[in-house]
Amino acid sequence: AKGLGKNQYCVYTDEMGVQEVRKMELEKDLQRALEHNEFYMEYQPKWNVKTNQLYGFEALIRWHHPRLGIVPPGEFIPIAEETGLIIPITRWTLEQACRECKAWQDRGMAQPVSVNLSVRMFQTDTLVEYLTSVLKKTELGPQYLELEITESMVIYDIQEIVRQLDIIRRMGVRVSMDDFGTGYSSIGLLDRIPIDALKLDRLFTHDLETPSKRAIVHAIVLMAENLKLDVIAEGVENQEHIAFLTELGCHVMQGYFYGRPMKDDKITEWLQGFAQ
Ligand code: C2E
Ligand code: CA
Ligand code: CA
Ligand code: CA
C-alpha cells in the first residue's frame, strides 16, 4: 500500500504468501482427507428453556489434519465449495450424523440432529434420492433429521430449490434457515422458501444491549410465530444473553453456555452433568 516503507511492503507480501501456500496445501490434502478418515463430527446441543428440555443437536464437521492439527471448518469448507469436494464431504456428514443419531436412540436418547447443507447439494439432482438412501441405510426416522440451509442460496435457482425442499419436507425431514438476518434478503425469502425454523445469527445475540437490535429481534420472533416457525438463537454464551432472548420471546438456545460442540462419545456425560 501507498506510504508504507519497503520493509513493511515485503512483510505484507510474505504474509500473503504464507496464506496462499496454506490454502494450496489444504486444497491438495482435502482430496485425500475423506479416504484417510481425517474428518469427524462434533455435536452441539440446542436447549429449549421454556420446556427445559433438549431440542436437538447440530452436527459440525472437524478436520484433523495429520500435520497441521485441527483445521476449522470456516477455513476448509469454502475451499471445498470452490473445488466441488463439498459434495462428497456433505454426503459423508449426512451419513455420519444419521448413523450417530440412530445410535443415540438405541442408547435411549431420541434427539434430532441437524446437518449443514451446502447449496451445491441442490445442484446435484440427486439430493432427494441421496437423503432417501441414507435414511434407509442408517434406519433413522426422517423426523430426526433436519437440514440447515443458508440465505446465500438466494443467488441460485430458487424455484428449483423450493421444488426439492417441498419433496424433502414431505418425506418428514425438517429444514431450518441458518444465520438468519445476515443476508440481504432474509425476510423476502421467508414466503418463498418452505422451512420449519429460523436460526438467528449470533451477531444478534451478541448485540442485544442495543435497543434497536432488540426491536429487530422482537419483530423477527413475532413474525416467526405467525409463520409457525421455531426460532433458535445462536451464540448464547451467558445468562445475560438468555435473559434478553427470553424476554424477546425466543426459547430455543444454542451456544457455549449450554455446551460446546463435542464428540459423540461425550454426549451422555454432558447430559448427565447438565441435568444436575
Ligand atoms: P454455523 O453453521 O453458523 O455453526 C455455528 C458455529 O458457531 C460453529 O462454529 C460453532 O462452534 C460456533 N459456536 C457455537 N456456539 C457458540 C458460541 O456460544 N459463541 C461463539 N462465538 N461461537 C459459537 P464451527 O464449528 O467452527 O463452524 C463454522 C461454520 O462452518 C458453520 O457455521 C458452518 O457454516 C460451517 N460448517 C461447520 N460444519 C459444517 C458441515 O458439516 N457442513 C457444512 N457445509 N458447513 C459446516
Ligand atoms: Ca449451522
Ligand atoms: Ca449459524
Ligand atoms: Ca455462521
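Here the structure is a predicted model, which means the values were calculated and not measured.

Novice: When you look at the pairing of strand E6 (residues 174-180) in this model, what are you seeing that I'm missing?
Specialist: Along any regular strand, the residues point their side chains to alternate faces of the sheet. For E6, a buried count of 5 out of 7 residues is recorded, marking the element as mostly surrounded by other parts of the structure. As defined by bridge partners, strand E5 (residues 145-150) adjoins E6 across 5 bridges and the pair is classed as parallel. When the sheet's bridge partners are listed, glutamate 146 is paired in E6 with arginine 174. In this sheet, strand E7 (residues 197-200) lies alongside E6 in parallel orientation, the contact comprising 3 bridges. What sits directly across from phenylalanine 180, in E7, is leucine 200.

Novice: Before we go on, may I ask you to explain the packing of aromatic side chains in this structure?
Specialist: Two aromatic rings are characterised by how far apart their centres lie and by the angle between their planes. Tallied over the entire structure, the rule returns 8 aromatic pairs. Ring centres of phenylalanine 39 and phenylalanine 76 lie 5.7 Å apart, and the angle between their planes is 35°; on these two criteria the pair is classed as tilted. Residue phenylalanine 39 is located in strand E1 (residues 39-48), and its partner phenylalanine 76 is located in helix H2 (residues 73-83); the two are separated by 37 residues in the primary sequence. Taking relative accessible area as the criterion, phenylalanine 76 reaches 0% and is therefore assigned buried.

Novice: Teacher, can you tell me more about helix H3 (residues 86-106) here?
Specialist: In an α-helix, one full turn covers 3.6 residues, which means residues spaced three or four apart are oriented alike. The end-to-end C-alpha distance of H3 is 30 Å, a good match for the 30 Å that 21 residues give at a rise of 1.5 Å each. In terms of residue burial, H3 counts as a mostly covered element, since 15 of its 21 residues are buried. Phi for glycine 108, located one or two positions after H3, is positive at around 95°.

Novice: What should I look at first to understand the layout of surface pockets in this one?
Specialist: One simple way to see leftover space: roll a probe sized like a water molecule over the atoms. Roughly 1,000 Å³ of volume is contained in the largest pocket. Surrounding the largest pocket, 38 residues form its lining, Glu58, Leu60, Pro73, Asn116 and Asp178 being those nearest its centre. Looking at the lining of the largest pocket residue by residue, the class counts come to 16 nonpolar, 12 polar and 10 charged. Volume-wise, the second largest pocket comes out at about 170 Å³. Leu229, Asp230, Val231, Gly249 and His251 are the residues nearest the centre of the second largest pocket, which is lined by 14 residues in total. Counting only elements with at least two residues in the lining of the second largest pocket, the list comes to helix H8 (211-226) and strand E8 (230-233).

Cut-offs used in this document
- Residues numbered from 1 in each chain as written.
- Chains lettered and ligands numbered in written order.
- Predicted model: local features only at pLDDT ≥ 70, side-chain atom pairs only at ≥ 80, totals over all residues.
- Heavy atoms only, no water.
- Buried < 20%, exposed > 50% of the residue type's maximum accessible area, 1.4 Å probe, protein only.
- Helix = DSSP H or I, 4+ residues; strand = E, 2+ residues; numbered from the N terminus.
- Pairing = 2+ DSSP bridges.
- Phe/Tyr/Trp six-rings, centres within 6.5 Å; stacked < 30°, edge-to-face > 60°.
- Expected span 1.5 Å × (residues − 1).
- 1 Å grid on protein atoms, 1.4 Å probe; cavity = no way out; pocket = protein on both sides within 12 Å on 5 of 7 lines; lining within 4 Å.
- Points joined across faces, edges and corners; volume = space filled by probe spheres on them.
- Nonpolar A, V, L, I, M, F, W, Y, C, P; charged D, E, K, R; others polar.

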